[in-house]
Amino acid sequence: MIFEDADATGLGEDARLTAMWLWTLSIGGSASADQEEGEEEKQKSSTGFVLEFDAARKIAQGLGAHLEGLQHVVEVKGDKARLLPVNERARHLFGKEQEQIGKPKKKARKKQMALFAVLEEAEKAGAFGELGVPPAGETTLDQVHQAMILFGAGRAEAMKRFLVDENVGTDGKFWKLAQSLSALYPPGTEEKRWVDGVLARKKGLGF
């Protein structure tokens, strides 16, 4: 149902968990943090997608995944588990090592750096190669999120090189997952807008 015309088994556990998580929320399995607060406007800038920890654990178990091994995708606090919004994954996705692009001070940890700043730090640290693009992430989900962040930061040329020169866009699984996430991300969120922006470039890039 989620991966129409796609082989879900060919995708990593992080992608399958993300899709099932968002699908569970879409059918009323739990409320996102924003919805619980009743602030519709706030949802436009996603703070993550929250499930009861027990529900999240069951989803992960059903997929053969372990939440403790997916800390770069999920944050667990008490009886709640939060699927991280894409902008909070920027530090994980860009840069050779997290230390190379710097860590925010403890006081400022709650304030995520703007995407522009994260990308600029990654470039200064040499994380972007000679072509001016970041190395492709290890998983399909990482690669889709990288493209989404480049789009969200207005780095259209870098996104083009990432998809074309790094051959990320030649993998059918990339576009299948992007299409699935487009259908699953809630309307009005940055994630929905960014992934739709990436998909809109597909034909123009020759894929």
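Residues numbered from 1 in each chain as written. Predicted model: local features only at pLDDT ≥ 70, side-chain atom pairs only at ≥ 80, totals over all residues. Heavy atoms only, no water.

### Observations concerning the side chain of T189
Tracing the backbone through its elements, the reader meets T189 in the loop between α8 (172–184) and α9 (190–200). Its relative accessible area of 2% is what places T189 among the buried residues. For T189, the side chain forms a polar contact with the main-chain oxygen of P186, separated by 2.7 Å. (Helix = DSSP H or I, 4+ residues; strand = E, 2+ residues; numbered from the N terminus. Buried < 20%, exposed > 50% of the residue type's maximum accessible area, 1.4 Å probe, protein only. Polar contact = N/O pair within 3.5 Å; in protein donor to acceptor, adjacent residues only side chain to side chain.)

### Examining the confidence of the model for the protein chain
One rule of thumb: low pLDDT means the predicted coordinates there are not for detailed reading. The predicted model of the protein chain has a mean per-residue pLDDT of 78, with 69% of residues at 70 or higher. In the model of the protein chain, helix α2 (residues 33–37) stands out as the element of lowest mean pLDDT, 42, in contrast to α9, which has the highest, 96. A low-confidence stretch, residues 30–45 (pLDDT under 50), is modelled with 32 contacts involving residues beyond four sequence positions or located in other chains. A low-confidence stretch, residues 96–113 (pLDDT under 50), is modelled with 20 contacts involving residues beyond four sequence positions or located in other chains. (pLDDT = per-residue confidence, 0-100. Contact = heavy atoms within 4.5 Å.)

### A few points about helix α3 (residues 53–62)
Every buried residue of α3 is accounted for by A56, I59 and A60. Axial view of α3: buried residues confined to an arc of 95°, hence all on one face. Among the exposed residues of α3, those oriented more than 90 degrees off its buried face are K58, Q61 and G62. The secondary structure elements touched by the buried residues of α3 are α1 (13–26), β1 (49–52) and β3 (80–83). Just downstream of α3, G64 is the residue with a positive phi angle, here 75°. (Arc of directions from axis to C-beta.)

### With respect to helix α6 (residues 140–152)
Here α6 contains 13 residues, and its C-alpha end-to-end distance of 18 Å stays within 8% of the 18 Å for a straight helix at 1.5 Å per residue. Among the 13 residues of α6, eleven are classified as buried, and the element is accordingly described as predominantly covered. Among the residues of α6, T140, L141, D142, Q143, V144, H145, Q146, A147, M148, I149 and L150 are the ones counted as buried. Backbone geometry just downstream of α6 places G154 in the positive-phi region, at approximately 75°. (Expected span 1.5 Å × (residues − 1).)

### Some details on the sheet that holds strand β2 (residues 74–77)
Read across the open sheet, the three strands follow the order β1-β3-β2; overall the sheet is antiparallel. Where the open sheet ends on each side, the last strands, each with one partner, are β1 and β2. Strand-to-strand twist of the sheet, defined as the mean angle between neighbouring strand axes without regard to direction, takes the value 25°. Here β1 runs beside β3; their pairing, made up of four bridges, is antiparallel. (Pairing = 2+ DSSP bridges. Axes fitted to C-alpha atoms, helices over the stretch in contact; angles between N-to-C directions.)

### Observations concerning the packing of α1 against α3
Look at α1 against α3: their axes get within 10 Å of each other, and the N-to-C directions meet at 135°. Between α1 and α3, the crossing angle belongs to the class labelled oblique. In terms of crossing hand, the pair formed by α1 and α3 is right-handed. For the pair α1 and α3, contact is made by L17, M20, W21 and T24 and by A56, I59 and A60, respectively. Here the contact of α1 with α3 is composed, by residue class, of six nonpolar, one polar and no charged. (Parallel < 35°, antiparallel > 145°, perpendicular 65-115°, else oblique. Left-handed = near helix turned anticlockwise from the far one by under 90°. Nonpolar A, V, L, I, M, F, W, Y, C, P; charged D, E, K, R; others polar.)

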